[in-house]
Amino acid sequence: MAKRIYIAGHRGMVGSALSRALQSEGDVELSSATSAELDLRDQKATC
Ligand SMILES: NC(=O)c1ccc[n+]([C@@H]2O[C@H](COP(=O)([O-])OP(=O)(O)OC[C@H]3O[C@@H](n4cnc5c(N)ncnc54)[C@H](OP(=O)(O)O)[C@@H]3O)[C@@H](O)[C@H]2O)c1
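As the structure is a computational prediction, the values presented were derived from the model and not from experiment.

**Topic: the overall build of the protein chain**
Turning to step 1, where the next piece is worked out: A count of helical and extended segments in the protein chain gives 2 helices and 2 strands.
Turning to step 2, where the next piece is worked out: Ordering the α and β elements of the protein chain from the N terminus gives β-α-β-α.
Turning to step 3, where the next piece is worked out: Considering only C-alpha atoms, the protein chain reaches an extent of 30 × 25 × 10 Å along its principal axes.
Turning to step 4, where the next piece is worked out: Expressed as a percentage of its 47 residues, the buried residues of the protein chain come to 0%.
Turning to step 5, where the next piece is worked out: Here the analysis covers contacts within the protein chain between residues at least 6 apart in sequence; of these, 38% occur between residues at least 24 apart.

**Considerations on the site of the ligand**
Turning to step 1, where the next piece is worked out: Neighbouring the ligand are 14 residues, the closest being Gly9, Gly12, Val14, Thr34 and Ser35.
Turning to step 2, where the next piece is worked out: Here the residues of the shell around the ligand are counted per class, giving 5 nonpolar, 6 polar and 3 charged.

**Points about the environment of Ala45**
Turning to step 1, where the next piece is worked out: You can see Ala45 is positioned in helix α2 (residues 43-46).
Turning to step 2, where the next piece is worked out: Taking the C-alpha atoms as reference points, Ala45 and Val14, separated by 31 residues in sequence, lie 23 Å from one another.

What counts, and at which threshold
- Residues numbered from 1 in each chain as written.
- Predicted model: local features only at pLDDT ≥ 70, side-chain atom pairs only at ≥ 80, totals over all residues.
- Helix = DSSP H or I, 4+ residues; strand = E, 2+ residues; numbered from the N terminus.
- Buried ≥ 20, exposed ≤ 12 C-beta atoms within 10 Å, placed from the backbone.
- Contact = placed C-beta atoms within 7 Å.
- Near = placed C-beta within 6 Å.
- Nonpolar A, V, L, I, M, F, W, Y, C, P; charged D, E, K, R; others polar.

In short, the description is geometric, and any link to function would need to be established separately.
Okay, here's the thing in C-alpha coordinates:
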(Lines give C-alpha, C1' and ligand atoms only; values in the text may rest on other atoms or scores of the structure.)
Protein backbone atom coordinates (compact mmCIF):
# COMPACT_ATOMS: atom_id res chain seq x y z
CA MET A 1 0.00 0.00 0.00
CA ALA A 2 1.41 3.39 -1.05
CA LYS A 3 2.41 5.85 1.66
CA ARG A 4 0.35 9.02 1.51
CA ILE A 5 2.49 12.10 2.19
CA TYR A 6 1.58 15.77 2.12
CA ILE A 7 4.44 18.00 0.95
CA ALA A 8 4.25 21.57 2.23
CA GLY A 9 5.97 24.10 -0.05
CA HIS A 10 6.31 21.67 -2.97
CA ARG A 11 7.19 24.51 -5.38
CA GLY A 12 9.99 25.80 -3.17
CA MET A 13 13.61 24.68 -2.95
CA VAL A 14 13.25 22.26 -0.03
CA GLY A 15 9.77 20.97 -0.92
CA SER A 16 10.60 20.29 -4.58
CA ALA A 17 13.79 18.41 -3.63
CA LEU A 18 11.83 16.37 -1.10
CA SER A 19 9.14 15.58 -3.71
CA ARG A 20 11.77 14.36 -6.20
CA ALA A 21 13.51 12.24 -3.57
CA LEU A 22 10.27 10.62 -2.38
CA GLN A 23 9.01 10.01 -5.95
CA SER A 24 12.25 8.26 -6.82
CA GLU A 25 11.63 5.81 -3.97
CA GLY A 26 8.29 4.83 -5.53
CA ASP A 27 5.24 3.48 -3.73
CA VAL A 28 4.31 6.93 -2.46
CA GLU A 29 1.22 9.03 -3.09
CA LEU A 30 2.21 12.68 -2.78
CA SER A 31 -0.23 15.52 -2.36
CA SER A 32 0.35 19.25 -2.14
CA ALA A 33 -1.25 22.65 -2.56
CA THR A 34 0.08 26.06 -3.46
CA SER A 35 -0.01 28.81 -0.85
CA ALA A 36 -2.81 30.43 -2.88
CA GLU A 37 -4.88 27.23 -2.62
CA LEU A 38 -4.12 26.59 1.05
CA ASP A 39 -2.57 29.12 3.43
CA LEU A 40 -0.90 26.97 6.10
CA ARG A 41 -1.07 29.91 8.53
CA ASP A 42 -4.86 29.50 8.47
CA GLN A 43 -5.54 27.00 11.27
CA LYS A 44 -9.18 26.38 10.33
CA ALA A 45 -8.29 25.69 6.66
CA THR A 46 -5.66 23.11 7.64
CA CYS A 47 -7.84 21.03 10.01
N1 LIG B 1 16.60 26.68 1.83
C2 LIG B 1 17.35 26.49 2.93
O3 LIG B 1 18.59 26.34 2.88
C4 LIG B 1 16.69 26.38 4.29
C5 LIG B 1 17.48 26.09 5.41
C6 LIG B 1 16.87 25.97 6.65
C7 LIG B 1 15.50 26.16 6.79
N8 LIG B 1 14.76 26.46 5.68
C9 LIG B 1 13.31 26.66 5.84
O10 LIG B 1 12.61 25.68 5.06
C11 LIG B 1 11.42 26.27 4.55
C12 LIG B 1 11.40 26.17 3.02
O13 LIG B 1 12.56 26.81 2.49
P14 LIG B 1 12.75 26.99 0.91
O15 LIG B 1 14.13 27.47 0.69
O16 LIG B 1 12.31 25.72 0.19
O17 LIG B 1 11.73 28.20 0.60
P18 LIG B 1 11.13 28.66 -0.80
O19 LIG B 1 11.92 28.14 -1.94
O20 LIG B 1 10.92 30.14 -0.67
O21 LIG B 1 9.69 27.95 -0.85
C22 LIG B 1 8.70 28.26 0.08
C23 LIG B 1 7.51 27.36 -0.19
O24 LIG B 1 6.62 27.53 0.90
C25 LIG B 1 5.32 27.78 0.39
N26 LIG B 1 4.64 28.69 1.28
C27 LIG B 1 5.05 29.91 1.71
N28 LIG B 1 4.13 30.47 2.51
C29 LIG B 1 3.10 29.58 2.58
C30 LIG B 1 1.84 29.59 3.24
N31 LIG B 1 1.45 30.61 4.03
N32 LIG B 1 1.02 28.50 3.09
C33 LIG B 1 1.39 27.45 2.32
N34 LIG B 1 2.59 27.37 1.68
C35 LIG B 1 3.43 28.44 1.80
C36 LIG B 1 5.51 28.37 -0.99
O37 LIG B 1 4.36 28.05 -1.75
P38 LIG B 1 3.98 28.79 -3.12
O39 LIG B 1 5.11 28.60 -4.07
O40 LIG B 1 2.72 28.10 -3.57
O41 LIG B 1 3.77 30.25 -2.78
C42 LIG B 1 6.78 27.66 -1.48
O43 LIG B 1 6.45 26.46 -2.15
C44 LIG B 1 11.40 27.73 5.05
O45 LIG B 1 10.64 27.80 6.24
C46 LIG B 1 12.85 28.01 5.35
O47 LIG B 1 12.98 29.02 6.34
C48 LIG B 1 15.32 26.56 4.44
